[in-house]
Amino acid sequence: MSDLTGKRVLITGAGRGIGAATAARLAAEGARVALLDREDRVRQVAADLDSGHLGVVADVTDSAALDKAVAEVLAEFGGLDVVVANAGIASWQTADRTDIDAFARTVDINLTGVFRTVRAALPAILESRGYVLVVASLASLIPLPGGSAYGASKAGVEAFANALRLELRGRGVAVGSTHMSIIRTDLVGDVADEMPLVERLVNGPASRLLGARTAEECADAFVRGIRRRARRVYVPEAGALLHWLRPVINSAAADLLLATAARGVLDRMFGALGELGTSTAERNAVRSDVVASNAAASNAVAPRAASAAADRNAAASKAKARR
Ligand SMILES: NC(=O)c1ccc[n+]([C@@H]2O[C@H](COP(=O)([O-])OP(=O)(O)OC[C@H]3O[C@@H](n4cnc5c(N)ncnc54)[C@H](O)[C@@H]3O)[C@@H](O)[C@H]2O)c1
């Protein structure tokens, strides 16, 4: 698919961040892009591209709404060549404090939402012998203490892509997964400034190799991946090393090192959770649900967190009121 001119692409989570940046890059390459998001703003994001693109509002946790949205895209475009299942949220908390509903919601959006998207688009993709790109993370490859729900959902996305690729072999459809380090979007927001572990990745010695990239740099990598119908897209490219180092990263010896490092940062990291909730709730209502219910679960074991949760909810309400 080296020439993207006229290719019909559906991308979820395209109201902002990586999805919006990828849609803009694809549109600039001459593709026809359907941008889907749970937020109304996606219509304006689509309208701000050249004409011929489409903004549709649907939630990837709602199968009926998603099917209807895909039907609308097919009616408008007459088919689909590429689907990019990108919509996702982040969720941070240690497992002992993670609310069960918050865990389930993270998986419902990040993993089942990807499945619903691909399922809805697949008949059209099979017809065009097109390309499926599902958005995972480097968190699929490496243990993520303090992010078990997110890591589990993203590992699931990778496993889903790997199975789908084999199922579709011989039917003309290629399947890829994307694995990114930190991309500076609303999903991470100010987190990098507030959480020492993330801050180190963004600004520390590892940053040149695996540190933060912009949404536009990520979009460029996605577009290159779509052109090549790639199996895997890493952002930055050095992330591929982690794939090949998996046996080492998951060894007992590495556990020892990682657990010791994690113990040092988790307290500080979740000391900052109040601030984290504030900064992310402003930008992602779904995520604020997750953070708020995590906070409620935390309060059961950490009563001092209650005032932080109250501050956070007040800040989120203020932010909503400002919008
Ligand atoms: N930013 C990073 O550091 C990073 C790293 C690795 C992977 N990712 C993944 O990349 C993807 C995009 O993340 P981003 O950084 O652009 O985040 P973002 O928060 O900037 O954008 C995510 C978009 O998805 C939409 N969305 C969320 N839930 C939805 C739902 N239920 N239905 C429809 N739309 C929904 C949001 O409204 C938003 O427009 C996510 O899957 C994320 O997990 C991000």
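Here's a quick rundown of the structure. This one's a predicted model, so the numbers in the text were calculated from it and none came from an experiment. (Residues numbered from 1 in each chain as written. Predicted model: local features only at pLDDT ≥ 70, side-chain atom pairs only at ≥ 80, totals over all residues.)

## Things to note about the packing of helix H3 (residues 63-77) against helix H4 (residues 100-128)
The N-to-C vectors of H3 and H4 enclose an angle of 30°; their axes lie 9 Å apart at closest approach. Handedness of the H3/H4 crossing: right-handed. Side by side, H3 and H4 meet where Ser63, Leu66, Asp67, Val70 and Leu74 of the first sit next to Arg116, Thr117, Ala120, Ala121 and Ala124 of the second. Tallied by class, residues from the contact of H3 with H4 come to six nonpolar, two polar and two charged. (Axes fitted to C-alpha atoms, helices over the stretch in contact; angles between N-to-C directions. Helix = DSSP H or I, 4+ residues; strand = E, 2+ residues; numbered from the N terminus. Left-handed = near helix turned anticlockwise from the far one by under 90°. Contact = placed C-beta atoms within 7 Å. Nonpolar A, V, L, I, M, F, W, Y, C, P; charged D, E, K, R; others polar.)

## Things to note about the packing of H4 against helix H5 (residues 148-167)
Each packed pair of helices is defined by two parameters, the angle between the axes and the distance between the axes. The N-to-C vectors of H4 and H5 enclose an angle of 20°; their axes lie 9 Å apart at closest approach. What the angle tells us is that H4 and H5 run roughly parallel. Both H4 and H5 take part in a crossing whose hand is right-handed. Contact residues: Ala102, Phe103, Thr106, Val107, Asn110, Leu111, Val114, Phe115 and Val118 in H4; Ala149, Tyr150, Ala152, Ser153, Lys154, Gly156, Val157, Phe160 and Leu164 in H5. Considering only residue class, the contact of H4 with H5 consists of 13 nonpolar, four polar and one charged. (Parallel < 35°, antiparallel > 145°, perpendicular 65-115°, else oblique.)

## Quick notes on the environment of tryptophan 244
Its location among the elements puts tryptophan 244 in helix H10 (residues 240-244). Given 10 C-beta atoms within a 10 Å radius, tryptophan 244 is considered exposed. Taking the C-alpha atoms as reference points, tryptophan 244 and leucine 141, 103 residues apart in sequence, are found 9.7 Å from one another. (Buried ≥ 20, exposed ≤ 12 C-beta atoms within 10 Å, placed from the backbone.)

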